[in-house]
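Coordinate analysis (summary)
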Amino acid sequence: VRTPMLRHFFDGVLATALSTPCTAPVLGTALVFAFSQPPYVTVLIFLTIGLGLALPYVYLSTHPALLKRLPAPGAWMFHFRQVMGFFLLGTCAWLLFVLHDLTEKGVVWAVVLMLLLFFALWIRKTMLESKPERGHSPVFNLVFYGTLIGSMYLFYPSLVAKRGEAEKSIISWVPYAPALLEEAKQKGRTVFIDFTASWCITCKFNEFRLIETKDVSDAIKKLDIVPVKADWTTGDEQITAALRQYGAEGVPLYVVIPSR
């Protein structure tokens, strides 16, 4: 974007999108409350969240003297950028882990596709360095981007091929279904619903440290509780409706439906 004001605006949009990948842990309660209120209250809450994100920048811009206390630009910024790159690689590894949970061999094909994409970008960069005028050639750009899109299209079926059998758990989870809840209600059994998703780090931490434990498993068996897993990884519509029914717009969420 050439216009400075528009560029700064979209920089802010990008920063907001990158800093709020999920609703937990701090914003979860605020967002659940916001979506359960009238529209004007919802808008007010989101404006407050946006103000909180922008406040440090606004304060520094209105108090230029404080800018002198910030670290001076230098070589440390280059090293800092490199360190942040490792965090991005960590995010990539996490997303590949999620893909591994969802697909049979999606991770392998995702890595192969990324390798081919980087190789194609390297070829394009090398060719443009030798003959810069190619960058303005419609035919060259059409062939290059058409090849990239075609490769993604060919790899897509392998990337999304579903995994067969789910991994074993210490708790005998039952997939979420409205009919299951009605059946448990008629039999007078308590139901525990774990609303989760593979991409939700907080969900996975809670499962690893709190839920998927021997004590919880023994308690579920002793009290004859029906453990229900509502996996929202793919945005299932029934689970989305259930989340809203219980006043939530995201995961994690834990619901206990008593027998009486």
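About the criteria used
- Residues numbered from 1 in each chain as written.
- Predicted model: local features only at pLDDT ≥ 70, side-chain atom pairs only at ≥ 80, totals over all residues.
- Heavy atoms only, no water.
- Core = buried A, V, L, I, M, F, W, Y, C linked by side-chain atoms within 4.5 Å.
- Buried < 20%, exposed > 50% of the residue type's maximum accessible area, 1.4 Å probe, protein only.
- Helix = DSSP H or I, 4+ residues; strand = E, 2+ residues; numbered from the N terminus.
- Axes fitted to C-alpha atoms, helices over the stretch in contact; angles between N-to-C directions.
- Parallel < 35°, antiparallel > 145°, perpendicular 65-115°, else oblique.
- Contact = heavy atoms within 4.5 Å.
- Nonpolar A, V, L, I, M, F, W, Y, C, P; charged D, E, K, R; others polar.
- Phe/Tyr/Trp six-rings, centres within 6.5 Å; stacked < 30°, edge-to-face > 60°.
- Lys NZ or Arg CZ within 6 Å of the ring centre and 35° of its normal.

Here we look at the nonpolar core
In this structure, Tyr 176, Ile 193, Phe 195, Val 228, Leu 243 and Val 251 are the most contacted members of the largest nonpolar core, which totals 21 residues. Looking at this core, the elements with two or more residues in it are helix 7 (178-186), strand 2 (191-196), strand 3 (226-231), helix 10 (237-245) and strand 4 (253-257). Counting nine residues, the second-largest nonpolar core is a separate cluster that includes Leu 96, Leu 113, Ala 120 and Phe 155.

Here we look at the packing of helix 4 (residues 75-102) against helix 5 (residues 106-130)
One way to put it is that helix 4 packs onto helix 5 with a least axis distance of 8 Å and a crossing angle of 140°. Considering their axes alone, helix 4 and helix 5 lie oblique with respect to each other. Here Cys 92, Leu 96, Leu 99 and His 100 of helix 4 lie close against helix 5, whose contacting residues are Gly 106, Val 107, Ala 110, Val 111 and Met 114. Partitioning the contact of helix 4 with helix 5 into residue classes produces seven nonpolar, two polar and no charged.

As for the packing of aromatic side chains
Taken as a whole and judged by the stated rule, the model has 10 aromatic pairs. Geometrically, the ring pair formed by Tyr 176 and Phe 195 is tilted, given 6.2 Å between the ring centres and 45° between the ring planes. Of this pair, Tyr 176 sits in the loop between strand 1 (174-175) and helix 7 while Phe 195 sits in strand 2; the two residues are 19 residues apart in sequence, bridging distant segments of the chain. With a relative accessible area of 13%, Tyr 176 lands in the buried category. Residue classification places Phe 195 among the buried positions, given a relative accessible area of 0%. In this structure, Arg 124 is placed above the aromatic ring of Phe 144, and the distance from its NZ or CZ to the ring centre is 5.2 Å.

Read these as spatial facts, not as claims about activity.
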